[in-house]
Amino acid sequence: DRLILSDANMLNKLSPFFVIIFSALFLKEKINFKQGLALVIAFSGALFIIKPSFNFEMIPALAGIGGAIFAAAAYTCLRVLGGKEKHYTIVFYFSAFSLVAIFPFMMAVYKSMTMTQLIYLLLAGVFASVGQFGITLAYKYAPAKEISIFDYSNIIFSALISFVIFGALPDYLSVIGYLIIFGASLFMFLYNKKLDKKIR
């Protein structure tokens, strides 16, 4: 709500790096030197997007990073549940919990919507549900390390949507941050593919 759409999306794309951390903490997977290096590079790229100012203007960016942390926690849970639960069961509980958790906040600030707002809200729900089914199935049938790189394609779409609908474009520091984070992600993707070939 407060950031350029592509900035918010790119901060959310830090989630695969937090997955590495959570996998080490909770699934006892070791972080090797190259993964650690990628983490440091990706988080340094995030600084270009956040532009630390140590005032209230940083709060939206910190909220974006918070979103990445919680998304990573969810993806880590998906890794554990992938072979144990059906994808539609996972999506049902995800949606049901979201509904219950957000309901008090909705009631506290509720305002009647116009028909246009209602249509946009329903479309957001439909697209989010389809997207959630897609990501849940993806994490069920393929390793997380192979999926994450494809998720970065939505940065291009979000930047285009941000420009066409809101007339907003990211500044040059944000673009540098995008390139650094994407570079770290591409490095991890290629490294994991190479690792898989050695194992086989």
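Shown above is the structure to which this text applies.
This text gives an overview of the structure that appears in the document. (Residues numbered from 1 in each chain as written. Predicted model: local features only at pLDDT ≥ 70, side-chain atom pairs only at ≥ 80, totals over all residues. Heavy atoms only, no water.)

A word on the overall build of the protein chain
Here is step 1: Across its full length, the protein chain holds nine helices and zero strands.
Here is step 2: Going from the N terminus to the C terminus, the protein chain shows its helices and strands as α-α-α-α-α-α-α-α-α.
Here is step 3: Against the 2.2 N^0.38 benchmark of 16 Å for 200 residues, the protein chain shows a C-alpha radius of gyration of 18 Å, consistent with a compact globule.
Here is step 4: The principal-axis extents of the C-alpha atoms in the protein chain amount to approximately 60 × 45 × 30 Å.
Here is step 5: For the protein chain, the proportion of its 200 residues judged to be buried stands at 30%. (Helix = DSSP H or I, 4+ residues; strand = E, 2+ residues; numbered from the N terminus. Rg over C-alpha atoms; globule rule 2.2 N^0.38 Å. Buried < 20%, exposed > 50% of the residue type's maximum accessible area, 1.4 Å probe, protein only.)

So, the environment of Asn 9
Here is step 1: Take Asn 9: it is sitting in helix H1 (residues 5-12).
Here is step 2: In this structure the C-alpha to C-alpha distance between Asn 9 and Gly 67, which are 58 residues apart in sequence, comes to 9.8 Å.
Here is step 3: Within the structure, Asn 9 has its side chain in polar contact with the side chain of Ser 158 (distance 3.2 Å). (Polar contact = N/O pair within 3.5 Å; in protein donor to acceptor, adjacent residues only side chain to side chain.)

Considering the pattern of salt bridges
Here is step 1: Per the stated rule, a full pass over the model turns up two salt bridges.
Here is step 2: Of the charged contacts in the structure, one is a salt bridge between Asp 1 and Arg 2, with a shortest N-O distance of 3.8 Å. Judged on exposure class, the residue Asp 1 and its partner Arg 2 are both exposed.
Here is step 3: Across the pair Asp 171 and Lys 51 runs a salt bridge, and its minimum N-O distance is 3.5 Å. Taken as a pair, Asp 171 in the loop between helix H8 (153-166) and helix H9 (172-199) and Lys 51 in the loop between helix H3 (33-50) and helix H4 (59-81) lie far apart in primary sequence, 120 residues in all.
Here is step 4: You can call Asp 171 partly exposed: its relative accessible area is 35%. (Salt bridge = Lys/Arg side-chain N within 4 Å of Asp/Glu carboxyl O.)

Quick look at the packing of H1 against H3
Here is step 1: Across the interface, H1 lies against H3 with an axial gap of 10 Å and an inter-helix angle of 160 degrees. It follows that H1 is roughly antiparallel to H3 by the angle criterion. Helix-helix and strand crossings are classified by hand; for H1 and H3 the assignment is left-handed. Contacts between H1 and H3 involve Asp 7, Met 10 and Leu 11 from the former and Ala 46, Ile 49 and Ile 50 from the latter. (Axes fitted to C-alpha atoms, helices over the stretch in contact; angles between N-to-C directions. Parallel < 35°, antiparallel > 145°, perpendicular 65-115°, else oblique. Left-handed = near helix turned anticlockwise from the far one by under 90°. Contact = heavy atoms within 4.5 Å.)

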